[in-house]
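Each chain is listed here by its residues.
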Amino acid sequence: MKPPAVARLLLIAMAGEHQAEFVAGDLHEEFLLLCAARGRQAGSRWYRSQVLRSVAMLLALRFRSGEALHLMAAAILAVAMPLLLLDRLWRFVYSNIPLKDGLQRAPEFRIVNLVCVCACAAVCGSLAHTVHRAVGVAVACAVAATFALWLGSSITPILYAGAVILAAPVSSLITFAWRKSR
Amino acid sequence: MPKGEALGEFEYLVMLAVLRLAADAYGMRVRQEIATRTGRDVTIGAVYATLERLVDKGLLSAAISDPTPERGGRAKRSFTLTGVGMDAVNRARQDVASMLEGLEFPLSGGSQ
């Protein structure tokens, strides 16, 4: 019998690499005991509640151990910085074209940004050694991409923002999976 | 013990739970022990955050055991009190006992 998948994934994504295995093991053990005593539904409800109420503390623990800070620093350097540099470059290019300064970027510029983000996030994902670290990298890439879009100088269409925020973690996870399969 | 390193209330409870459980002191059992004895709804996150802090302070030591099927193939991390930890518990107990001295319980005027 397995605990609820979404709660399990959330736990793995939020708990530090050092803690995740022990916390997940403890919750799994108690989940099985609860299922035997009170049924699967009660066990699942208890598991979800434990994960949701523990997330903030586990995340704080992860930051305290330095792991989350390393991940965020890597994602900011690899994903947010290139995005911001490209934004500045396009701003410079536009400022040199009469009457174009301050206008929305053309789709081609956004595609270049997206490809660049995917490539950088893929490099990050390929460096992860464990599933847990890969999930952490993916979350950090998504946060870094959001941060860069928020700091960007141009008006950001929702579709483009969504594509960037989704493409960064997905490409990092795909590269990790591809590297693992080889 | 330097200032700021005295045991907090929850830390004290966790230390006592580890002491009671002896060789069986790991996250889930510590959580259950506190929940059963105090009636508090304790989360595993709170227990781990406290255990980790106590390990950092040198009051607890941790050992990792082999993975087992009932834990979904995951390892277990057990905790024991160090010498410094035992001193801290002794001191905390002494502090509480000396503060309680001369007081009568239950206090009148409370809701219970």
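Since the structure is predicted, the reported quantities are computational estimates derived from the model, not experimental observations.

Draft legend 1. Highlighting the packing of aromatic side chains. Applying the stated criterion to the full structure yields three aromatic pairs over all chains. Each ring, one from A:Phe147 and one from A:Trp150, has its centre 6.4 Å from the other, and the planes form 40°; the classification is tilted. Placement of both A:Phe147 and A:Trp150 in helix α6 (residues 131-151) is noted, with a separation of three residues, approximately one turn of the helix. With relative accessibility at 67%, the residue A:Trp150 sits in the exposed group. In this structure, B:Lys76 packs its charged tip against the face of B:Tyr26, placed 4.2 Å from the ring centre.

Draft legend 2. Focus on helix α1 (residues 5-14) of chain A. Along α1(A), the residues classified as buried are A:Ala7, A:Leu11, A:Ala13 and A:Met14. Each buried residue of α1(A) sits inside an arc of 165° when the element is viewed along its axis, so together they form one side.

Draft legend 3. Up close: helix α2 (residues 17-38) of chain A. End to end, α2(A) covers 31 Å across 22 residues, agreeing with the expected 32 Å (1.5 Å per residue, within 8%). A:Gly39 occupies a position one or two residues after α2(A) and carries a positive phi of about 100°.

Draft legend 4. Structural detail: the interface of chain A and chain B. Of the residues lining the interface, 22 residues belong to chain A; the matching set on chain B comes to 24 residues. Approximately 2,100 Å² of surface area, both sides summed, lies buried where chain A meets chain B, with 54% of it carried by carbon and sulfur atoms. Of all residues in chain A, A:Phe22, A:Asp26 and A:Glu29 bury the most surface against chain B, accounting for 27% of the area lost on that side. On inspection of chain A and its partner chain B, the count reaches four salt bridges. We note a salt bridge from A:Glu30 to B:Arg31, for which the minimum N-O separation is 2.5 Å. Put simply, chain A and chain B have 15 residue pairs in polar contact (both at pLDDT 80 or more) between them. Secondary-structure elements contributing two or more residues to the side of chain A that touches chain B are α2 and α3 (40-64) of chain A. The element that contributes the greatest number of residues to the side of chain A that touches chain B is α2(A), accounting for 14 residues.

Draft legend 5. Inspection of the side chain of A:Gln19 at higher detail. Structurally, the position occupied by A:Gln19 is in helix α2. Among the polar contacts made by the side chain of A:Gln19, one reaches the side chain of B:Glu52 at a distance of 2.5 Å. Each residue touching A:Gln19, except ones within four places of it in the same chain, is listed here: A:Leu61, B:Tyr48, B:Glu52 and B:Arg77.

Draft legend 6. Representation of the pairing of strand β1 (residues 60-68) of chain B within the structure. Residue and element names in this part refer to chain B. Bridge count for β1 against strand β2 (residues 74-81) is seven bridges, and the pairing is antiparallel. Note that in β2 the partner of Ile64 across the bridge is Arg77. What sits between β1 and β2 in their antiparallel hairpin is a turn of five residues, with Gly72 showing a positive phi close to 70°.

Draft legend 7. Here's a closer look at the pattern of salt bridges. In total, this model carries 12 salt bridges over all chains according to the counting rule given. What emerges from the salt-bridge pattern is a single network uniting A:Asp26, A:Glu29 and B:Arg71.

Draft legend 8. A look at the packing of helix α1 (residues 9-21) of chain B against helix α4 (residues 83-100) of chain B. Residues and elements named next belong to chain B. Running from N to C, α1 and α4 point in directions that differ by 120°, and their axes come no closer than 11 Å. Classified by the interaxial angle, the pair formed by α1 and α4 is oblique. The crossing of α1 and α4 is left-handed. Facing Tyr12, Met15, Leu16 and Leu19 of α1, the residues of α4 in contact are Gly85, Val89, Ala92, Arg93 and Val96. Of the residues contributing to the contact of α1 with α4, the split by class is seven nonpolar, one polar and one charged.

Draft legend 9. The arrangement of the environment of A:Tyr47 in detail. Position of A:Tyr47 among the secondary structure elements: in helix α3. Along the primary structure A:Tyr47 and A:Pro4 are separated by 43 residues, whereas in three dimensions their C-alpha atoms are 7.5 Å apart.

Draft legend 10. Just the confidence of the model for chain B, in detail. All names here are of chain B. Scored by pLDDT, chain B comes out at a mean of 89, with 94% of its residues at no less than 70. Highest mean pLDDT in chain B belongs to α1 (95); lowest belongs to β1 (88). The ipTM value of the predicted complex is 0.84, and its pTM value is 0.69.

Draft legend 11. Looking closely at the nonpolar core. A:Val79, A:Leu83, A:Val117, A:Val137, A:Cys141, A:Val164 and A:Ala168 are the most contacted members of the largest nonpolar core, which has 25 residues in total. Sorting the residues of this core by element identifies α4 (67-95), α5 (107-126), α6 and α7 (158-181) of chain A as the ones contributing at least two each. Filtering out sequence-adjacent residues up to four positions away, A:Val164 remains in contact with A:Leu83, A:Leu114, A:Val117, A:Ala145 and A:Leu149. Of all hydrophobic cores here, the second largest spans 24 residues; its members include B:Phe10, B:Ala46, B:Leu59 and B:Ala88.

Here is what the cut-offs are and how they apply
Residues numbered from 1 in each chain as written. Chains lettered and ligands numbered in written order. Predicted model: local features only at pLDDT ≥ 70, side-chain atom pairs only at ≥ 80, totals over all residues. Heavy atoms only, no water. Phe/Tyr/Trp six-rings, centres within 6.5 Å; stacked < 30°, edge-to-face > 60°. Helix = DSSP H or I, 4+ residues; strand = E, 2+ residues; numbered from the N terminus. Buried < 20%, exposed > 50% of the residue type's maximum accessible area, 1.4 Å probe, protein only. Lys NZ or Arg CZ within 6 Å of the ring centre and 35° of its normal. Arc of directions from axis to C-beta. Expected span 1.5 Å × (residues − 1). Contact = heavy atoms within 4.5 Å. Buried area = accessible area lost by both parts, 1.4 Å probe. Salt bridge = Lys/Arg side-chain N within 4 Å of Asp/Glu carboxyl O. Polar contact = N/O pair within 3.5 Å; in protein donor to acceptor, adjacent residues only side chain to side chain. Pairing = 2+ DSSP bridges. Axes fitted to C-alpha atoms, helices over the stretch in contact; angles between N-to-C directions. Parallel < 35°, antiparallel > 145°, perpendicular 65-115°, else oblique. Left-handed = near helix turned anticlockwise from the far one by under 90°. Nonpolar A, V, L, I, M, F, W, Y, C, P; charged D, E, K, R; others polar. pLDDT = per-residue confidence, 0-100. Core = buried A, V, L, I, M, F, W, Y, C linked by side-chain atoms within 4.5 Å.

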